[in-house]
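Geometric and topological summary
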Amino acid sequence: IKKAIFAYGVRVHSEATMARFPEKLPKNTEDYRFKTEGCFPAQDYSPHAYLYFRTDNETIAQLEKEKGGKVTECEMSFEEFLESYKQKSTANNYSESIIDIKRQYLQTKGFPPIAFQFMSDDMQEQVDEDLIVYNFSSSYGYAFDYDSGLVVVWG
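Residues numbered from 1 in each chain as written. Predicted model: local features only at pLDDT ≥ 70, side-chain atom pairs only at ≥ 80, totals over all residues. Heavy atoms only, no water.

This paragraph deals with the side chain of Lys-102. Tracing the backbone through its elements, the reader meets Lys-102 in helix α5 (residues 98-108). Buried charge Lys-102 goes without a salt bridge, the closest partner of opposite sign being Glu-129 at 4.1 Å. Separated by 2.9 Å, the side chain of Lys-102 and the backbone oxygen of Val-127 make a polar contact. Residues within four places of Lys-102 in sequence aside, it is in contact with Phe-78, Phe-116, Gln-124, Glu-125, Gln-126, Val-127 and Glu-129. (Helix = DSSP H or I, 4+ residues; strand = E, 2+ residues; numbered from the N terminus. Buried < 20%, exposed > 50% of the residue type's maximum accessible area, 1.4 Å probe, protein only. Lys, Arg positive; Asp, Glu negative; His and termini not counted. Salt bridge = Lys/Arg side-chain N within 4 Å of Asp/Glu carboxyl O. Polar contact = N/O pair within 3.5 Å; in protein donor to acceptor, adjacent residues only side chain to side chain. Contact = heavy atoms within 4.5 Å.)

With that out of the way, let us pick up unusual backbone geometry. A positive phi angle, close to 50°, is found at Asp-31, a residue other than glycine. The exposure class assigned to Asp-31 is partly exposed, which follows from its relative accessible area of 40%.

Turning next to the packing of aromatic side chains. The full count for this structure, using the stated rule, is seven aromatic pairs. Centroid distance Phe-21 to Phe-34: 5.8 Å. Interplanar angle 80°. Geometry classified as edge-to-face. Of the two residues, Phe-21 is situated in the loop between α2 (14-19) and β1 (30-36) and Phe-34 in strand β1; the sequence distance between them amounts to 13 residues. Each member of the pair, Phe-21 as well as Phe-34, is classed as buried. A network of ring pairs unites the aromatic residues Phe-78, Phe-81 and Tyr-105 as a single cluster. Here the guanidinium or amino end of Lys-35 rests over the ring plane of Phe-118, the centre of that ring lying 4.9 Å away. (Phe/Tyr/Trp six-rings, centres within 6.5 Å; stacked < 30°, edge-to-face > 60°. Lys NZ or Arg CZ within 6 Å of the ring centre and 35° of its normal.)

This part takes up the pairing of strand β2 (residues 49-54). Taking burial as the measure, the six residues of β2 include six buried ones, the bulk of the element. As paired strands, β1 and β2 are joined by five bridges and run antiparallel to one another. Opposite Thr-36, over in β2, you have Ala-49 as the bridge partner. In this structure, β2 lies alongside strand β6 (residues 150-154), joined through five bridges in antiparallel fashion. Bridged to Tyr-50 within β6 is Trp-154. (Pairing = 2+ DSSP bridges.)

Bringing the nonpolar core into the picture now. Within the largest apolar cluster, 23 residues are counted, with the highest numbers of intra-cluster contacts made by Tyr-52, Phe-111, Met-119 and Val-152. Residue assignment for this core shows that the elements contributing at least two residues are β2, α4 (78-92), α5, α6 (113-117) and β6. With residues near it in sequence (within four places) discarded, Phe-111 still touches Leu-106, Phe-116, Met-119, Leu-131, Val-133, Ala-143, Val-152 and Trp-154. Counting 13 residues, the second largest nonpolar core, distinct from the first, contains Met-18, Ala-49, Ile-60 and Phe-144. (Core = buried A, V, L, I, M, F, W, Y, C linked by side-chain atoms within 4.5 Å.)

On to helix α3 (residues 57-67). Residues of α3 that are buried include every one of Thr-59, Ile-60, Leu-63 and Glu-64, and no others. Relative to the axis of α3, the buried residues are bounded by an arc of 135° and lie together on one face. Along α3, the residues that are exposed and aim more than 90 degrees away from the buried face are Glu-58 and Lys-65. Looking at the buried side of α3, the elements it contacts are β2, β4 (132-135), β5 (141-145) and β6. The distance from a side-chain oxygen at the start of α3 to the backbone nitrogen of Glu-58 is 3.1 Å, and the residue carrying that oxygen is Asp-56. (Arc of directions from axis to C-beta.)

The sheet built from six strands is open, its strands ordered β1-β2-β6-β5-β4-β3 with antiparallel pairing. Two strands bound the open sheet, and with one partner strand each, they are β1 and β3 (70-71). With four bridges joining them, β4 and β5 adopt antiparallel strand pairing. Bridge assignment links Val-133 to a residue of β5, and that residue is Ala-143.

This is how it looks when you write it as structure tokens:
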């Protein structure tokens, strides 16, 4: 119901947006969250929806196969990113939490920072740096984490 209200009541391009979201949630779903943004009259603003849930690896593999898209490759591993951050941190007296550093790293893979922000604290801690991110544009995408069972859809 929330998907339909968002698609037809808030989102301008509802058909294209909602086609990216699953018609129904998989049977084996836990920790479901569906965050929607309201309409705000501004020139550069467009409301988005964020779907989060956990499921088993078989279901993730099926969803990943169905959705397709372009995987965003990262130029460096998380360990290299963390080392680079530590070097900058020492020089500039930065001190951010590992969660903030993970958010920054996932952003380099194309995972929207706002999607990370809307995750529960538990999801933020458990999401793996090897999160598989598919982007269709700067506004639409999927992310799959086989280690924690997390699936994220945004659009």
